[in-house]
Amino acid sequence: MMTRRGAWIPSLAAVVAACGGARPAPVAVPPVDAPASVANVGADAGRMSAHPTPLPRSTRRPAIPPQLARIAGLMPLRSLGIDAFLRTFPNYDGRGVIIAVLDGGVDPGVPGLAKTASGERKLVDVRDFSGEGRIPLALVQASPDGSVRIGGQLLTGVGRVTRLAGPPLYGGVLRERPLGRGAAADVNGDGDQDDVLPLIVARASDGWVLTADSDGDGSLADENAIHDFAAGGETLAFGRAPVTIAAKIEEADGQPVLDLFFDNSGHGTHVAGIAAGHDLFGVNGFDGVAPGAQVLALKIADNGRGKISVTGSMARALEYAAEFAARRRSPLVINLSYGVGNEIEGGAAIDSMVNEFALAHPDIPVVVSAGNVGPGISSVGFPASADHAIAVCALLPGVFARPPDPELPTASDVIGWWSARGGEVAKPDLCAPGVAYSNVPLWHTGEEVSAGTSMAAPQVAGAIAILQSAMRQAGRRVPASELKQSLTATATTVPGASVLDMGAGIPDLVRAYNWLRAGHQAGRFVVRALPDGGNTSRASAAMRRSGLAGSGDTIQRFSVTPVAGQAAARLLLASDAPWLRAPAGIELSGDPASIPVTYDARALQRPGLYVGTVWARSASDPAAGPFFGLTNTIVVPLPLDQPIDTAGALEPGAVARFFLAVPADAGGLRVEVQTEDEAGATLYLFEPGGQPYRRGGRIEARLDETSAGPALARLDVAADALVPGVYEAVVVAPPASEARYRFRAALPGVAIETISAARGVELRNRTHETQEPIVTAEIAGLTKLARVTGQRADPETLNVEIPAWARELVVQVSLDPAMWNEITDFGVTLFDQGRPIADDPLNHAVGGVTLALDSSHAGRTLSVELFPAFARERALGRWQADVTLSLVAAEPWRLALLERTDEAVQIGPGASAALAWPILPPDVPVMPGYDPLVRVTASLPSAPPSTKQGPLGREQ
């Protein structure tokens, strides 16, 4: 799915005021990569209303007027020097270049995507590889009175179609219900999402044409036929026209095959506007990065199921884009604002496919968003982790951090706190503005500002299109490796940021252009960190998350392989960290070379994060910049044998990282941040694998009018969700304000080891003193575990009957990490009688969706659909997922104090004790296949509690 997850960004109200505008109420910039589902963002992203009502068109207005957005610089072109470059070279604006936008669709009707800066058609073609727009067709026969019935709908005036095209006629229907939960599912804008809209396809003298009852009067007598979009760019809209539709009509065995192309996510249109928009919103001169470029819109995502890619869609779209550009002999750049989290870095099938594509098409750069699950390290998703992709991280532009103020200095661009970081992979490559005001479909009016690495990738894709345009007009065809090298070698760094945060830094378009004019060359290399000492991966960087494995763990070897038949070269090696040493140089031929680097263990003793890179430059042309880097990350964690309590101060947008060693028997973890600053701070928590804490890894500490003391943000890891290893807690300062904070972390004093009907509750005292813990228990609802097995990419469905007492349905899904490497997405969608009502596609191998229930659900049966998307068309023969379904009651059933094995539970230092279960209350409900969902808390006054939940029928 599109890159997702994010955080709050300040209000735009002050920006509007600074530009002389006025609005009735302030408008907040949406969470990162909003709308939700594209990004699955926000603290309550999984809590969806059961039957969302589309917003009436009359109440939707732009976030701020487009004219003011242009004046304020909310299409941030300054950070990369794009505005200055195009003032000097106005004809190098991307003309002659195609940007392929692989996304959830691009609206063909928005003004900013109508024409290029040189007057050509902006959208050269559209194509749906997701299957969402496929309309099954069947032969239909018109009655003598010129009417026909399709999908239960009667259409009259068919004589007009037969006069234009003639029989045979093929009929089909567009159904609103499967198109998702948002306003775009109301295709005709009539206020519901249950319409069935009939269509007719027939062959005219100039090809297949589509006719539909666009005005809803039941007649085709006044309707125009539209052709395949590539022929004339014609579009269709129903009713009040909230959704613009294009048609792709091909022929198979003499019969038409119809795909309707539309953007029902809002994401792809926004991305395309950033990359190449021209006269956005009809405002003269309001442009995206490369206004002269054309756009090839390729839909890879099923938006009705949470905006997920489908099996093979990405690979087919990549190949189609390459073939399309080759036929037109046009330079091409791919933009893929997509990503999900890595489980085994370097092993994803889609990474291999992107690498294969890049090597097969060496002139085509592939730009990918790095992901929105930062600021934890080792969080870059795939396929941004592919060796030959250009992975882009996100900046928060200063204009969004603080509006212009003559009495204050201009706010600096800072690394977006949501932006994914490197660690086990040597990514990201570059960083670009990750917030922008861009065009959206009509139904998405009011959501013109979006944030995320999805918005940063098209900045770089557009910049590359400009460079391609310049080189083409100079008579040069530049390979992708040199385009990338021109940007990375000339990039500027972000103060205080490491290579994990920003890669090479922020591109400078003028300097990149001069690099290309100077005739420098670049190469392609594959770097692998070989398993050594504490490093167990074979990804593109070396990382020891638990510190050095021992006193002898001082050598790390890298394998470097030139690709694409490069000539032998001598490279100079230089380290940027005093604790990291490397040979002075190396000779590279066509064979893999082994490069050892050495760690100074004496300099890696204090807890913290150590990042160092050995950079390789050409001995004959050092000015060409680094060809590759050997990046090493060493984490020395803090032990938690004693609680941690420390204070600090952060510059605007800066982060403080705390790595915490959590043993398997910890029974939980508590982290918290306290601040007295009005602007507050944000606390993040990441699991040892790099993914956010699975039960909510972000919380803000913010003062409000009712605060009597410091603001406190706290995250507790439950015993049943604990992953042994090194957790990372990150404190983030607001983008325009300093933050003074106090950070604490501690383990429970008493740990819940197991809960089961047979063995009761087993506790262990983790302190050095005899303790008497306070133990409470309750039945929260009912739960069951289902093991689901599917065939290839076919979806599987579980049905859940909703009892009257349930107020929440929680669906948790767990996949094998090895299977995760084979997919590009895994959809988890809840349906009510075929209507999608909630979705939250997995971002890692463990995840799920939560639905708030009300009385309208009582007695209904909801369906949980699991929908895998595999990278390759030849998907695995079988797939398996473990699914836990939990029905949570509005009020838990309290259990009396657990029966004690003696009068007072005294647990000695390091010892364990068991408590037996009481008889369950008689009013606890019973459902076949379900067990009571028990929650137990054990606490000491001086330490965080240990909590654990699970089914009473199984040991936990």
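This structure is a prediction, so every number in the text was calculated from the model and none was measured. (Residues numbered from 1 in each chain as written. Predicted model: local features only at pLDDT ≥ 70, side-chain atom pairs only at ≥ 80, totals over all residues. Heavy atoms only, no water.)

**What about the packing of helix H6 (residues 267-276) against helix H10 (residues 453-473)?**
Then, number 1: At their nearest, the axes of H6 and H10 sit 8 Å apart, and the two run at 35° to each other. Between H6 and H10 lies a crossing of right-handed hand. For the pair formed by H6 and H10, the contact residues are His267, His270, Val271, Ile274 and Ala275 on the first element and Ser454, Met455, Pro458, Gln459 and Gly462 on the second. (Axes fitted to C-alpha atoms, helices over the stretch in contact; angles between N-to-C directions. Helix = DSSP H or I, 4+ residues; strand = E, 2+ residues; numbered from the N terminus. Left-handed = near helix turned anticlockwise from the far one by under 90°. Contact = heavy atoms within 4.5 Å.)

**What about the sheet that holds strand S11 (residues 255-261)?**
Then, number 1: The strand order across the open sheet formed by 3 strands is S3-S11-S10, and the pairing between neighbours is antiparallel. Where the open sheet ends on each side, the last strands, each with one partner, are strand S3 (134-135) and strand S10 (246-252).
Then, number 2: Of the pairings in the sheet, the one linking S3 to S11 comprises 2 bridges and is antiparallel in character. Residue pairing across strands places arginine 134 opposite aspartate 259, the latter belonging to S11. (Pairing = 2+ DSSP bridges.)

**A look at the state of the cysteines**
Then, number 1: A full pass over the atoms with the stated rule returns 1 disulfide.
Then, number 2: The disulfide bridge from cysteine 393 ends at cysteine 431, spanning 2.3 Å between sulfur atoms. Of this pair, cysteine 393 sits in strand S17 (residues 390-396) while cysteine 431 sits in strand S19 (residues 430-433); the two residues are 38 residues apart in sequence, bridging distant segments of the chain. The pair cysteine 393 / cysteine 431 is uniform in exposure class, with both members buried. (Disulfide = S-S within 2.5 Å. Buried < 20%, exposed > 50% of the residue type's maximum accessible area, 1.4 Å probe, protein only.)

**Section: the pattern of salt bridges**
Then, number 1: Taken as a whole and assessed by the stated rule, the structure comprises 41 salt bridges.
Then, number 2: Close ionic contact of aspartate 125 with lysine 248 constitutes a salt bridge, the shortest N to O distance being 3.0 Å. Of this pair, aspartate 125 sits in strand S2 (residues 123-128) while lysine 248 is found in strand S10, placing the two residues 123 residues apart along the sequence. This pair shows no difference in class: aspartate 125 is buried, exactly as lysine 248 is.
Then, number 3: Here arginine 894 makes a salt bridge to glutamate 778, at a shortest N to O gap of 2.9 Å. With arginine 894 in strand S49 (residues 878-894) and glutamate 778 in strand S42 (residues 774-791), the pair connects residues that are 116 residues apart, well separated along the chain. (Salt bridge = Lys/Arg side-chain N within 4 Å of Asp/Glu carboxyl O.)

**Digging into the packing of aromatic side chains**
Then, number 1: What the rule picks out here adds up to 22 aromatic pairs.
Then, number 2: Ring plane angle 55° and centroid distance 5.1 Å describe the contact between phenylalanine 525 and phenylalanine 628, whose orientation is recorded as tilted. With phenylalanine 525 in strand S22 (residues 525-529) and phenylalanine 628 in strand S30 (residues 628-636), this residue pair connects regions lying 103 residues apart in the sequence. There is no split in this pair, since phenylalanine 525 and phenylalanine 628 are both buried.
Then, number 3: Following the ring pairs from residue to residue traces out a cluster consisting of Phe85, Phe89, Tyr92 and Tyr513.
Then, number 4: Taking NZ or CZ as reference, arginine 121 lies 4.8 Å from the ring centre of phenylalanine 229, over its face. (Phe/Tyr/Trp six-rings, centres within 6.5 Å; stacked < 30°, edge-to-face > 60°. Lys NZ or Arg CZ within 6 Å of the ring centre and 35° of its normal.)

**A look at the environment of aspartate 704**
Then, number 1: Along the chain, aspartate 704 turns up in the loop between strand S36 (698-701) and strand S37 (711-717).
Then, number 2: Among the residues examined, aspartate 704 registers a relative accessible area of 45% and is labelled partly exposed.
Then, number 3: Between the C-alpha atoms of aspartate 704 and alanine 117, which are 587 residues apart in sequence, the distance is 48 Å.

**Section: the nonpolar core**
Then, number 1: Counting 118 residues, the largest nonpolar core has Ile99, Val367, Val460, Phe628 and Leu630 as its most contacted members.
Then, number 2: Per-element tally for this core: the top contributor is H10, with 12 residues.
Then, number 3: With residues up to four places along the chain from it excluded, the contact list for isoleucine 99 reads Ala275, Ala276, Ala290, Ala293, Gln294, Val295, Leu296, Val333, Asn335, Ala461, Gly462 and Ala465.
Then, number 4: Judged by nonpolar contacts, the second largest core, of 78 residues, contains Ile364, Val788, Leu798 and Val800. (Core = buried A, V, L, I, M, F, W, Y, C linked by side-chain atoms within 4.5 Å.)

**Remarks on the packing of H10 against helix H11 (residues 480-489)**
Then, number 1: Direction vectors running N to C along H10 and H11 enclose 115°, while the axes themselves pass 11 Å from each other. Taken together, the axes of H10 and H11 lie roughly perpendicular to each other. As for the relative orientation of H10 and H11, their crossing is right-handed in sense. Facing Val460, Ile464, Leu467 and Gln468 of H10, the residues of H11 in contact are Leu483, Ser486 and Leu487. (Parallel < 35°, antiparallel > 145°, perpendicular 65-115°, else oblique.)

**Considerations on the confidence of the model for the chain**
Then, number 1: Mean pLDDT over the chain: 89, with 92% of residues reaching 70 or higher.
Then, number 2: For the stretch residues 4-30, pLDDT sits under 50, and the model shows 82 contacts to residues farther than four places along the chain or on other chains.
Then, number 3: Scored below 50 in pLDDT, residues 33-58 shows 70 contacts in the model against residues more than four places distant or in partner chains. (pLDDT = per-residue confidence, 0-100.)

**A word on helix H13 (residues 509-517)**
Then, number 1: For H13, the complete set of buried residues consists of Leu509, Ala512, Tyr513, Trp515 and Leu516. In a view along the axis of H13, the buried residues occupy a sector of 155°, so they form one face of it.
Then, number 2: Turning to H13, the residues buried within the fold contact helix H3 (82-88), H10 and H11.
Then, number 3: Just downstream of H13, glycine 519 is the residue with a positive phi angle, here 80°. (Arc of directions from axis to C-beta.)

**Looking at the sheet that holds strand S7 (residues 169-175)**
Then, number 1: Read from one edge to the other, the open sheet built from 4 strands follows the order S4-S7-S8-S9, with strand pairing classed as antiparallel. The outermost strands of the open sheet, each flanked by one partner alone, are strand S4 (138-140) and strand S9 (207-212). Taken over all neighbouring pairs, the strand axes of this sheet differ in orientation by 40° on average, direction set aside.
Then, number 2: Two strands pair when backbone bridges link them, and S7 and strand S8 (residues 196-204) are joined in this way by 6 bridges, in the antiparallel orientation. Looking across to S8, one finds that glycine 171 is bridged to isoleucine 200.

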